[in-house]
Amino acid sequence: MDSMLQKYKVAITMATIIVWAGWFIFISTVTPGKFWAFFVFHILLLLALVGGFISIALRISPNNKMIIRRAILLAVLFVVPLILQGLRIFDLLTLLLLIVAVILIDFWVDNKK
């Protein structure tokens, strides 16, 4: 099992490095005025954050089964406000509703099992 976990850690770390490299290449080469670039930028950022959070969490607590779900929710909590700000529809109430929604989703999935 330990060998499988080590292979998983290496794969996640390598994928995360590749996505971060892609994100940096993207922001250095694409002009920001294009509409599709807005969404590609945020999708790459979301994937990079998810991979980074999973990598960090696996080093801290390798036996936790909720790592992937919580990493995705945490990355969404970082990226969605950026998307909303880019669309000029972000405010404090939206942020509070997003935080409540993420907490409720996490609570619901925990209790669903």
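Before reading further, recall that the structure is shown in the block above.
Residues numbered from 1 in each chain as written. Predicted model: local features only at pLDDT ≥ 70, side-chain atom pairs only at ≥ 80, totals over all residues. Heavy atoms only, no water.

## Some remarks on the pattern of salt bridges
Heads up, the rule is: The rule for a salt bridge is simple: a side-chain nitrogen of Lys or Arg has to be within 4 Å of a carboxyl oxygen of Asp or Glu. Note on conventions: DSSP H or I runs of at least 4 residues are helices, E runs of at least 2 residues are strands, and numbering of each starts at the N terminus. The rule is simple: take the accessible area with a 1.4 Å probe, protein chains only, and divide by the maximum for that residue type; under 20% is buried, over 50% is exposed, in between is partly exposed.
Tallying each qualifying case throughout the model produces 4 salt bridges. Residue Asp106 pairs with Arg69 through a salt bridge whose shortest N-O separation is 2.9 Å. Of this pair, Asp106 sits in helix 4 (residues 92-112) while Arg69 sits in helix 3 (residues 67-86); the two residues are 37 residues apart in sequence, bridging distant segments of the chain. With respect to class, Asp106 is no different from Arg69; both count as buried. Between Asp106 and Arg70 there is a salt bridge whose closest N-O contact spans 2.9 Å. Highlighted residues: Asp106 in helix 4 and Arg70 in helix 3, separated in sequence by 36 residues. Asp106 sits in the buried class, given a relative accessible area of 14%. Among the charged side chains, a network of salt bridges with common partners joins Arg69, Arg70, Asp106 and Asp110.

## Here's the deal with the environment of Leu96
Checked against the element boundaries, Leu96 lands in helix 4. Judged by its relative accessible area of 45%, Leu96 falls in the partly exposed class. With 16 residues separating them along the chain, Leu96 and Val80 place their C-alpha atoms 12 Å apart.

## Quick notes on the packing of helix 1 (residues 2-29) against helix 2 (residues 35-60)
Put simply, the rule reads: To get an axis, fit a line to the C-alpha atoms, keeping to the stretch in contact for a helix; angles then go from 0 to 180 degrees between the N-to-C directions. Convention used here: angles under 35 degrees read as roughly parallel, angles over 145 as roughly antiparallel, angles from 65 to 115 as roughly perpendicular, and any remaining angle as oblique. Here a crossing is taken to be left-handed if its near helix is turned anticlockwise relative to the far helix by less than a right angle, and right-handed if that turn runs clockwise. Side-chain classes are defined by residue name, with Ala, Val, Leu, Ile, Met, Phe, Trp, Tyr, Cys and Pro counting as nonpolar, Asp, Glu, Lys and Arg as charged, and the others, Gly among them, as polar.
Packing of helix 1 against helix 2 leaves a shortest axis separation of 9 Å and a crossing angle of 150 degrees. The angle between helix 1 and helix 2 falls in the class roughly antiparallel. Crossing geometry of helix 1 relative to helix 2 is assigned as left-handed. Taken together, the residues of the contact of helix 1 with helix 2 sort by class into 19 nonpolar, 6 polar and 2 charged.

## Observations concerning the environment of Thr16
Residue placement: Thr16 occurs in helix 1. Overall, the relative accessible area of 8% leaves Thr16 in the buried class. In this structure the C-alpha to C-alpha distance between Thr16 and Leu45, which are 29 residues apart in sequence, comes to 10 Å.

## Description of the nonpolar core
Heads up, the rule is: Here the nonpolar core consists of buried residues drawn from Ala, Val, Leu, Ile, Met, Phe, Trp, Tyr and Cys, with membership extended through side-chain atoms lying within 4.5 Å. Residue contacts are defined here by distance: any two heavy atoms, one from each residue, within 4.5 Å place the two residues in contact.
The biggest cluster of nonpolar side chains holds 13 residues, and the ones touching the most others in it are Leu45, Leu49, Phe53, Ile54, Leu58 and Ala75. Contributions of two or more residues to this core are made by helix 1, helix 2 and helix 3. No other element matches the 6 residues that helix 2 contributes to this core. Leaving out residues up to four positions away in the same chain, Ala75 has contacts with Leu46, Leu49, Val50 and Phe53.

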